[in-house]
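Listed here are the chains, written in short residue letters.
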Amino acid sequence: EDQVTQSPEALRLQEGESSSLNCSYTVSGLRGLFWYRQDPGKGPEFLFTLYSAGEEKEKERLKATLTKKESFLHITAPKPEDSATYLCAVLIITGSARQLTFGSGTQLTVLP
Amino acid sequence: GAVVSQHPSRVICKSGTSVKIECRSLDFQATTMFWYRQFPKQSLMLMATSNEGSKATYEQGVEKDKFLINHASLTLSTLTVTSAHPEDSSFYICSARDIHRMGINEKLFFGSGTQLSVL
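Numbering of residues starts from 1 in each chain and follows the order in which that chain's sequence is written. Note on labels: chains are lettered from A, ligands numbered from 1, in written order. Confidence filtering applies because this is a predicted model: local features only for residues at pLDDT of at least 70, side-chain atom pairs given and counted only at 80 or more, and all residues used for totals across whole chains, interfaces and linings. Side-chain metrics rest on all non-hydrogen atoms present in the structure, leaving aside hydrogens and water.

Draft legend 1. Structural detail: the sheet that holds strand β7 (residues 62–66) of chain A. All names here are of chain A. One bridge is not enough; two strands pair if DSSP finds at least two bridges between them. A run of H or I in DSSP counts as a helix once it spans at least four residues, and a run of E counts as a strand once it spans at least two, with each numbered from the N terminus. Spatially, the 5 strands line up as an open sheet ordered β1-β3-β8-β7-β6, and their pairing is antiparallel. Since the sheet does not close on itself, it has two edges, and those belong to β1 (3–7) and β6 (56–59), each with one partner. The sheet shows a mean angle of 15 degrees between the axes of neighbouring strands, taken without regard to direction. Lines fitted to the C-alpha atoms define the axes, with helices restricted to the stretch that makes contact. Angles between their N-to-C directions range from 0 to 180 degrees.

In structure tokens, the structure reads:
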């Protein structure tokens, strides 16, 4: 069974305290791994897509990496405005069917 | 950038009534739109995949007759919650695939969500 697991469930950081969020997956037919940011009461906002092991992408204080079994979202010197829930999702293609399976998210709180 | 508009953002209705949620891709064509449901502090659960001009594909456990999906054009999909009950109260989110951004550049664009409260 395809699974996407995110850890930790919740993370509290002091402003400037760097850390990493984890997304591990056991899927067959992976065609991409996505990271999204979701603020309360809003839809997910796209951050990154990663397609192959070893790939890295950066955007401001965020850096996403991918291995064959997991992805990390590194947050360098976070600020309070980085507080949000971060979701990862894997795109699986089976025949003509496409499905995006989400992890349960990591709720990040950055304290000033 | 690409924008998906979802309306309404919040709706409160009485039990037994029907509610329609619209999802529009504003500046791109979307042959496929997805409908998700999200409970508080939980992840997005895919409900159904709607394809323009054809019947939607529902995930296991999702009632087709309760959650009616129509995808009549390349820019509009609607989800109608029929005879809503309190247990249908949830946050519903749509997303759309840009047909011109597939494969290596694929990404999904999400609507802002609709908070449904059934009294």
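Draft legend 2. Inspection of the interface of chain B and chain A at higher detail. Every residue pair with non-hydrogen atoms within 4.5 Å of one another is taken to be in contact. With 21 residues of chain B at the contact, the number on the chain A side is 18 residues. Put simply, buried area is the surface a 1.4 Å probe can reach on two separate parts but cannot reach once they are joined, added for both. Taken over both partners, the interface formed by chain B and chain A buries close to 1500 Å², and the fraction arising from carbon and sulfur atoms is 56%. When a carboxyl oxygen of Asp or Glu is within 4 Å of a side-chain nitrogen of Lys or Arg, the pair counts as a salt bridge. Our count for the chain B to chain A interface comes out at 0 salt bridges. Think of a polar contact as two N or O atoms within 3.5 Å of one another; within protein, one of them needs to be a possible hydrogen donor and the other a possible acceptor, and neighboring residues in sequence only count if both atoms come from side chains. Applying the counting criterion to the chain B and chain A interface returns 3 residue pairs in polar contact (both at pLDDT 80 or more). For the side of chain B that touches chain A, the secondary-structure elements that each account for two or more residues are β4 (32–38), β5 (44–51), β9 (90–97) and β10 (108–110) of chain B. Of the residues assigned to the side of chain B that touches chain A, the class counts are 9 nonpolar, 8 polar and 4 charged. Amino acids outside the nonpolar list (Ala, Val, Leu, Ile, Met, Phe, Trp, Tyr, Cys, Pro) and the charged list (Asp, Glu, Lys, Arg) are all regarded as polar, and Gly is one of them.

Draft legend 3. The arrangement of the pairing of strand β11 (residues 106–111) of chain A in detail. Residue and element names in this part refer to chain A. Side chains Thr106, Leu108 and Val110 of β11 all project onto a buried face; the interleaved residues Gln107, Thr109 and Leu111 project onto a face where none is buried. By the bridge criterion, 5 bridges tie strand β2 (residues 10–14) to β11 in an arrangement that is parallel. Bridging across to β11, Leu11 finds its partner in Leu108. In this structure, strand β9 (residues 84–94) lies alongside β11, joined through 3 bridges in antiparallel fashion. Bridged to Ala84 within β11 is Leu108. Accessible area is worked out with a 1.4 Å probe on protein chains only. A residue is then buried under 20% of its type maximum, exposed over 50%, and partly exposed in between.

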